[in-house]
Amino acid sequence: MSSVAALRSAPSTARSSSRSEVRVPRRHTVVRAQKVEEAQQAGVTDEARVPSPAVNVIQTHPVPRWPEGIPPAMGGHFMPSGEAAPLSQSRGPNNNIHPLMFTYPAPTADVNVTVYDSDFAAAAGLADLVAAASAAAIAAKGAFTIALSGGSLVQSLVGLVGRTDVDFSKWWVLYVDERNVPLGSADSNHRAAHEQLLRKVPIPASQVLTLKEGLPVEQAATHYAGQLLELGAGVLPRTADGALPRVDLVLLGVGPDGHVASLFPNAKETAAKDGWVLPVSNSPKPPAERITLSLPVINAAQQVAIVALGKGKAEVVQRALEVQSLPGALPVQLVQPTSGKLSWVLDQESAGALRIDDWALGSKKFPRSENPPKPAAA
């Protein structure tokens, strides 16, 4: 049986010749594979007409798999294994293109990193930061909004207990994120905040915005966003375009994977460009269901403070401050207030892997784009 090579080419009309030919649609050309010796005997000297060894030769004549001719899409030929190559699913240039979820954030100009001698000193410094933000907001509009994270962060707020220079009666407390569990659960961020801080300071209970229990997580997020919407501009101002709330102070912890709030690496919630409060139904860290402020809301705040204390935070702190990760891989690097201030509160242990002395040289901008040097071989 003769062998023919199926090649894609410009539209052409099959020509008659003394050789047998395959009837195919006009848009295809089937050329009989010729050996070099046969080509020379026929007087063909143009080596370009000799099939390349890379051309897969179809051993069936005619091709029964495609009675109307080989499809014009990529594929449609037999691979060396004998299997038919799959057809391309592309619909052409610029069709079915999915934009990237994440982009590199614009550099933040106003960033402050403070390293304290101990976690106790850091807690005192954090208390001073909160007290100053509270005083400024109350002087400006008669109220202070603060967003609290869960985890170990609330333990660092003990320095606020007993302070007489803070008007807690003007505070409005909301949560950066909350687990969709009963408020009395050990997993509840509100329970931790109540035990560590709220029951020890005179903040009116009606001014603490909590999760509504017993709702599906999507409805819980909607309900919490509704509570924020009900706060007037005198308590919770909006951005200039009215699209986002401007919280006076957002306090964030950071996980070992770089997550903040309940915004985890490469998650769709982390990439969200709109919405005030988002539902999270598949958190990689249990419990799975949570609600969280969106990154645009966090970045719209007047001030954001990231608190990372202890040796266990050293690696993620170094990565966040000195290595530019791929967008979305380290959510804490996406915390870039659009018109507010960003502060880092560290202690000697959490800052242990940083090369702070190099920062003063001015050779690299914040954050750096290189890894720390490897230790010299012994």
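Residues numbered from 1 in each chain as written. Predicted model: local features only at pLDDT ≥ 70, side-chain atom pairs only at ≥ 80, totals over all residues. Heavy atoms only, no water.

Draft legend 1. Just the overall build of the chain, in detail. Along the backbone of the chain there are 8 helices and 12 strands. The buried share among the 378 residues of the chain stands at 43%. A fraction of 71% describes how many contacts in the chain between residues 6 or more apart in sequence connect residues 24 or more apart. About 20,500 Å² of surface is accessible on the chain, with carbon and sulfur atoms providing 54% of the total. (Helix = DSSP H or I, 4+ residues; strand = E, 2+ residues; numbered from the N terminus. Buried < 20%, exposed > 50% of the residue type's maximum accessible area, 1.4 Å probe, protein only. Contact = heavy atoms within 4.5 Å. Areas by Shrake-Rupley, 256 points an atom, 1.4 Å probe, with all protein chains shown as cover.)

Draft legend 2. Highlighting unusual backbone geometry. Each neighbour pair has its own omega, and for Pro286 with Pro287 the value is -5 degrees, a cis peptide bond. In this structure, Pro287 sits in the loop between β9 (277-280) and β10 (290-293). A positive phi is found at Ala261, a non-glycine position, where the angle reads about 50 degrees. Along the chain, the position of Ala261 falls in the loop between β8 (249-252) and α5 (268-271). Take Ala261: its relative accessible area is 9%, and that puts it in the buried class. Its identity as a non-glycine residue notwithstanding, Asn266 has a phi of 60 degrees, on the positive side. Locating Asn266 in the fold gives a position in the loop between β8 and α5.

Draft legend 3. Layout of the packing of aromatic side chains. Applying the stated criterion across every chain, the model contains 2 aromatic pairs. Relative to Trp171, the ring of Phe144 has its centre 5.1 Å away and its plane inclined at 65 degrees; by these criteria the two rings are edge-to-face. Taken as a pair, Phe144 in strand β5 (residues 144-148) and Trp171 in strand β6 (residues 171-175) lie far apart in primary sequence, 27 residues in all. For the pair formed by Phe144 and Trp171, the shared burial category is buried. With 4.9 Å between their ring centres and 55 degrees between their planes, Phe168 and Trp171 make a pair best called tilted. Residue Phe168 is classed as buried on the basis of its relative accessible area of 4%. Judged by its relative accessible area of 1%, Trp171 is buried. Every member of this aromatic cluster is reached through a ring pair, and the members are Phe144, Phe168 and Trp171. (Phe/Tyr/Trp six-rings, centres within 6.5 Å; stacked < 30°, edge-to-face > 60°.)

Draft legend 4. Molecular detail of the side chain of Ser343. With respect to the helices and strands, the residue Ser343 is situated in strand β12 (residues 341-347). If we ignore the near neighbours within four places in the chain, the residues touching Ser343 are Asn112, Leu129, Gln303, Val304, Ala305 and Ile306.

Draft legend 5. Geometry of the sheet that holds β5. Taken in spatial order, the 6 strands of this open sheet run β4-β12-β11-β8-β5-β6, and their pairing is parallel. Since the sheet does not close on itself, it has two edges, and those belong to β4 (111-116) and β6, each with one partner. The sheet shows a mean angle of 20 degrees between the axes of neighbouring strands, direction not considered. Two strands pair when backbone bridges link them, and β8 and strand β11 (residues 303-308) are joined in this way by 3 bridges, in the parallel orientation. Bridge pairing in β11 places Leu251 opposite Ala305. Across the sheet, helix α7 (residues 314-322) is in contact with β4, β11 and β12; its angle to β12 comes to roughly 145 degrees. (Pairing = 2+ DSSP bridges. Axes fitted to C-alpha atoms, helices over the stretch in contact; angles between N-to-C directions.)

Draft legend 6. Main features of the pairing of β10. Alternating residues of β10 divide into Arg290 and Thr292 and Ile291 and Leu293, and every residue in both groups is buried. Here strand β7 (residues 177-179) runs beside β10; their pairing, made up of 3 bridges, is antiparallel. Residue Arg179 lies in a different strand from β10, and its bridge partner there is Arg290. As defined by bridge partners, β9 adjoins β10 across 4 bridges and the pair is classed as antiparallel. The residue of β10 that forms the bridge with Leu278 is Thr292.

Draft legend 7. Expanded view of the pattern of salt bridges. One pass over the full model with this rule turns up 7 salt bridges. Measuring nitrogen to oxygen at the nearest pair gives 2.8 Å for the salt bridge that ties Arg163 to Asp165. Where Arg355 meets Glu322, a salt bridge forms, and the shortest distance between an N and an O atom there is 3.8 Å. Residue Arg355 is found in the loop between β12 and α8 (356-359), and its partner Glu322 is found in helix α7; the two are separated by 33 residues along the sequence. The exposure class assigned to Glu322 is buried, which follows from its relative accessible area of 0%. Salt bridges linked by common partners bring Asp128, Arg163 and Asp165 together as one network. (Salt bridge = Lys/Arg side-chain N within 4 Å of Asp/Glu carboxyl O.)

Draft legend 8. Region of the structure containing helix α3 (residues 189-196). Inspection of α3 places Asn189, His190 and Ala193 among the buried residues, and these make up the whole buried set. Down the axis of α3, the buried side of the element spans an arc of 100 degrees, and every buried residue falls inside it. Of the surrounding secondary structure, the elements contacted by the buried residues of α3 are β5, β6 and β7. Where α3 begins, the side chain of Ser188 points an oxygen toward the backbone nitrogen of His190, at a separation of 3.2 Å. (Arc of directions from axis to C-beta. Polar contact = N/O pair within 3.5 Å; in protein donor to acceptor, adjacent residues only side chain to side chain.)

Draft legend 9. Region of the structure containing the nonpolar core. In terms of nonpolar packing, the biggest core is built from 84 residues, with Trp171, Leu251 and Ile298 touching the most fellow members. It is helix α2 (residues 119-141) that provides the largest number of residues to this core, a total of 9 residues. If sequence neighbours within four positions are ignored, Trp171 has contacts with Val130, Ser134, Phe144, Ile146, Leu160, Val166, Ile203 and Gln207. (Core = buried A, V, L, I, M, F, W, Y, C linked by side-chain atoms within 4.5 Å.)

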